[in-house]
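For reference, the chains in residue letters:
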Amino acid sequence: MKIKKLLLLPIISLFTVSTSFAETRITYKSAKSTSSYYQMAVQIADTIKKSTNGDMILTIEESQGSVQNVKEVAGRKGNYVFTTPPVLVKLAIAEKAMFKGKGNPNYKNIRALFPIPSLTMHFVMSKKSGVKTFEDMAGKTILLGKGSFGAKEGAKYLKKFGLDGKVKLAEVELSNAVPAMKNGQIDGFVTAGSYPAPNVIEAAASMGVNVISLTADQIKSSKRTKLIIPAGTYSGQKSDITTTSLPVVAYSTTNMSDDVAYNLTKAYWDNKGKLGNAAKWWNGVSVKMLSNISTKIHPGAVKFYKEIGASLADHH
């Protein structure tokens, strides 16, 4: 009797075994592609991708501004992260100012994750001008620029501090501020950006500048957040500069899971030192800036902050 051999044929493709891990994909809505905040977004995305071995992927989207970023919460789902000043989130929730009559229930689901570098006011005067205080600006030619936060804020400060009509405003683009100051076309310029600001670095290194400090009363009058630019930030800067800032924070919504919010927040803080080595503006960020967040923080992020012993407010 012959025994037939049972041939076991390999079954190919019946089961597919994947050796790759699950990716967490996040949309990060930033700012205009020409801005420093877009550069920051790219830095965050690259650093977090490397530090998580590709487990967390951030896709950067260009934006036309912080108000747009908030308004998109109305229709966004999933892991949507965006950057904006905390004041705009408060206004959206309360349906005030630019959100008046344009409210959306999703605004109440916005939750903060972590602070990023603040918009920092710089009143930059050439050494040659001899200007060291706001009062000294009278009779000088100042460049404010057009349309930007810095231009609007600068004009507001000149008016508040008694300089309205006492300074000559130059009709020069902010991008030409340093050359204009070198050739004597202007005595100084106003710029708002995360410190150290590239145009201030260039001006300080090439011709010497005085970055004007604000008094306690001036800061109170501005209704902005006080910020200290440490001595040595710019060439020739021998003492701290006291100025104002507009805090900026990365937010998500309750659509993001606690685990994703925790892992993203942890990855950000764990790698902030590497970010600072690549670009100095990250060195001005600390957990103390959580105090600038005026609405709720995502529960996943709260878990991380409690683990590191960070101070949280009751409304967080």
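What you see is a predicted model; the values in this text were computed from it and never measured.

Trainee: Teacher, can you tell me more about the packing of helix α8 (residues 258-270) against helix α10 (residues 299-307) here?
Mentor: Helix packing for two helices is described by the angle between their axes and how far apart those axes are. Put simply, α8 and α10 touch, their axes get as near as 6 Å, and they point 45° apart. When the axis of α8 is compared with that of α10, the two are oblique. For the pair α8 and α10, the sense of crossing is right-handed. Here Asp258, Ala261, Tyr262, Thr265, Lys266 and Trp269 of α8 come into contact with α10, specifically with Pro299, Gly300, Ala301, Lys303, Phe304, Tyr305 and Glu307. Taken together, the residues that form the contact of α8 with α10 break down as seven nonpolar, two polar and four charged.

Trainee: Help me out: how do you make sense of the environment of Ser286 in this one?
Mentor: Of note, Ser286 is situated in the loop between α9 (272-278) and α10. Distance in space between the C-alpha atoms of Ser286 and Ser51 is 20 Å, their sequence separation being 235 residues. Ignoring any residue separated from it by four or fewer positions in sequence, one finds Ser286 in contact with Pro115 and Trp269.

Trainee: Hey, could you run me through helix α3 (residues 86-94) in this one?
Mentor: Residues separated by three or four positions in an α-helix point in the same direction, a consequence of the helix having 3.6 residues per turn. Every buried residue of α3 is listed here: Pro86, Leu88, Val89, Leu91 and Ala92. Contacts made by the buried residues of α3 are with α2 (66-71), β3 (80-84), β4 (110-126) and β10 (241-253). At the C-terminal side of α3, Glu95 shows a positive phi close to 55°.

Trainee: Just checking my understanding: could you explain unusual backbone geometry for this structure?
Mentor: Leave glycine aside and you will find that most residues have negative phi; peptide bonds, for their part, are mostly trans. The linkage connecting Tyr195 with the following residue, Pro196, adopts the cis geometry, with an omega of -5°. As for its position among the elements, Pro196 is in the loop between β7 (188-193) and α6 (198-206). With a phi angle near 55°, Asn53 is a residue other than glycine that sits in the positive phi range. Along the chain, Asn53 turns up in the loop between α1 (36-51) and β2 (56-61).

Trainee: I'm lost on the pairing of strand β1 (residues 24-29) in this one. Help?
Mentor: Successive side chains on a regular strand alternate, one facing one side of the sheet and the next facing the other. Across six bridges, β1 lies against β2 in parallel orientation. Bridging from a neighbouring strand, Tyr28 pairs with Ile60 of β2. A crossover connection joins β1 to the parallel β2 through α1; in handedness this β-α-β unit is right-handed. Note: β1 against β3, three bridges, orientation parallel. Within β3, the position partnered with Tyr28 by the bridge is Val81.

Trainee: What exactly am I supposed to notice about the environment of Glu307 here?
Mentor: Residue position: Glu307 is located in helix α10. Classification of Glu307 by relative accessible area gives partly exposed; the value is 48%. Taking the C-alpha atoms as reference points, Glu307 and Tyr107, 200 residues apart in sequence, are found 28 Å from one another.

Trainee: Mind showing me how you'd approach the packing of aromatic side chains here?
Mentor: Working definition: an aromatic ring pair is given by the centre-to-centre distance plus the angle between the planes. Per the stated rule, a full pass over the model turns up 13 aromatic pairs. Ring centres 3.9 Å apart and planes at 15° place the aromatic pair Phe114 and Tyr268 in the stacked group. Placement of the pair is Phe114 in strand β4 and Tyr268 in helix α8, with a sequence separation of 154 residues. In this structure, Phe114 and Tyr268 share a single accessibility class: buried. The rings of Phe114, Tyr262, Tyr268, Trp269, Trp282, Phe304 and Tyr305 are connected pair by pair, giving a single aromatic cluster. Taking the ring centre of Tyr262 as reference, the NZ or CZ of Lys303 above it sits at 4.7 Å.

Trainee: Honestly, the side chain of Thr83 in this entry has me stumped. Any pointers?
Mentor: The residue Thr83 is located in strand β3 in this model. Overall, the relative accessible area of 5% leaves Thr83 in the buried class. Aside from chain neighbours lying at most four places away, what touches Thr83 is Tyr28, Lys29, Ser30, Ser66, Asn69, Ile116, Val248, Val249 and Ala250.

Trainee: Mind showing me how you'd approach the pattern of salt bridges here?
Mentor: Between side chains of opposite charge, pairing is possible as soon as their charged atoms come close. Tallied over the full model, the rule gives nine salt bridges. Between Glu72 and Lys29 there is a salt bridge, with its nearest N and O atoms 3.3 Å apart. Of the two residues, Glu72 sits in the loop between α2 and β3 while Lys29 sits in strand β1, which places them 43 residues apart along the sequence. For Lys29, a relative accessible area of 6% translates into the label buried. Notably, a salt bridge pairs Glu171 with Lys146, separated by 3.8 Å at the nearest N-O pair. Remark: Lys146 occurs in the loop between β5 (141-143) and α4 (149-160) and Glu171 occurs in the loop between β6 (168-169) and α5 (177-182); sequence separation between them is 25 residues. One salt-bridge network, in which partners are shared between bridges, spans Lys29, Glu61, Glu72 and Arg76.

Trainee: Looking at this structure, how should I read the nonpolar core?
Mentor: A general tendency of soluble globular proteins is for nonpolar side chains to be buried together. In this structure, Ile44, Phe114, Leu264 and Trp282 are the most contacted members of the largest nonpolar core, which totals 56 residues. Looking at which element gives the most residues to this core, the answer is α8, with seven residues. Those residues in contact with Phe114 that sit more than four places away from it in its chain are Ile44, Val249, Ala250, Leu264, Thr265, Tyr268, Trp269 and Tyr305. Of all hydrophobic cores here, the second largest spans 21 residues; its members include Val178, Ile186, Tyr195 and Val200.

Cut-off values and rules
- Chains are numbered independently. Their residues run from 1 in the order of the written sequence.
- For a predicted model such as this one, the threshold for reporting local features is a pLDDT of at least 70, and the threshold for listing and counting side-chain atom pairs is 80 or more; totals across whole chains, interfaces and linings nevertheless cover every residue.
- Based on all heavy atoms of the structure, the side-chain values leave hydrogens and waters out of the count.
- In this description, a line fitted to the C-alpha atoms serves as the axis of each element, helices being fitted only across the stretch in contact, and the angle between N-to-C directions of two axes falls anywhere from 0 to 180 degrees.
- Runs of H or I in DSSP of at least four residues are treated as helices and runs of E of at least two as strands, each being numbered from the N terminus.
- Roughly parallel means an angle under 35 degrees; roughly antiparallel, over 145; roughly perpendicular, 65 to 115; everything else is oblique.
- Crossings are assigned a handedness: left-handed for a near helix turned anticlockwise from the far helix by less than a right angle, right-handed for a clockwise turn.
- Between two residues, a contact is recorded if the distance between any of their heavy atoms is within 4.5 Å.
- Classification used: nonpolar for Ala, Val, Leu, Ile, Met, Phe, Trp, Tyr, Cys and Pro, charged for Asp, Glu, Lys and Arg, polar for all others including Gly.
- In this scheme, a residue with accessible area under 20% of its type's maximum is buried, one over 50% is exposed, and one in between is partly exposed, where area comes from a 1.4 Å probe on protein chains only.
- At least two bridges found by DSSP between two strands is the condition for calling them paired.
- The path from the first strand over the helix to the second decides the hand: if it runs clockwise while the strands point away from the viewer, the crossover is right-handed.
- Working definition: a ring pair exists when centres of Phe, Tyr or Trp rings (six-membered ring for Trp) sit within 6.5 Å. Plane angles under 30 degrees give stacked, over 60 give edge-to-face, the rest tilted.
- Two limits define a charge over a ring: the Lys NZ or Arg CZ must be within 6 Å of the ring centre, and within 35 degrees of the ring normal.
- Salt bridge, as applied in this entry: a Lys or Arg side-chain nitrogen positioned within 4 Å of an Asp or Glu carboxyl oxygen.
- Remark: nonpolar core denotes a set of buried residues (Ala, Val, Leu, Ile, Met, Phe, Trp, Tyr, Cys) joined through side-chain atoms within 4.5 Å.

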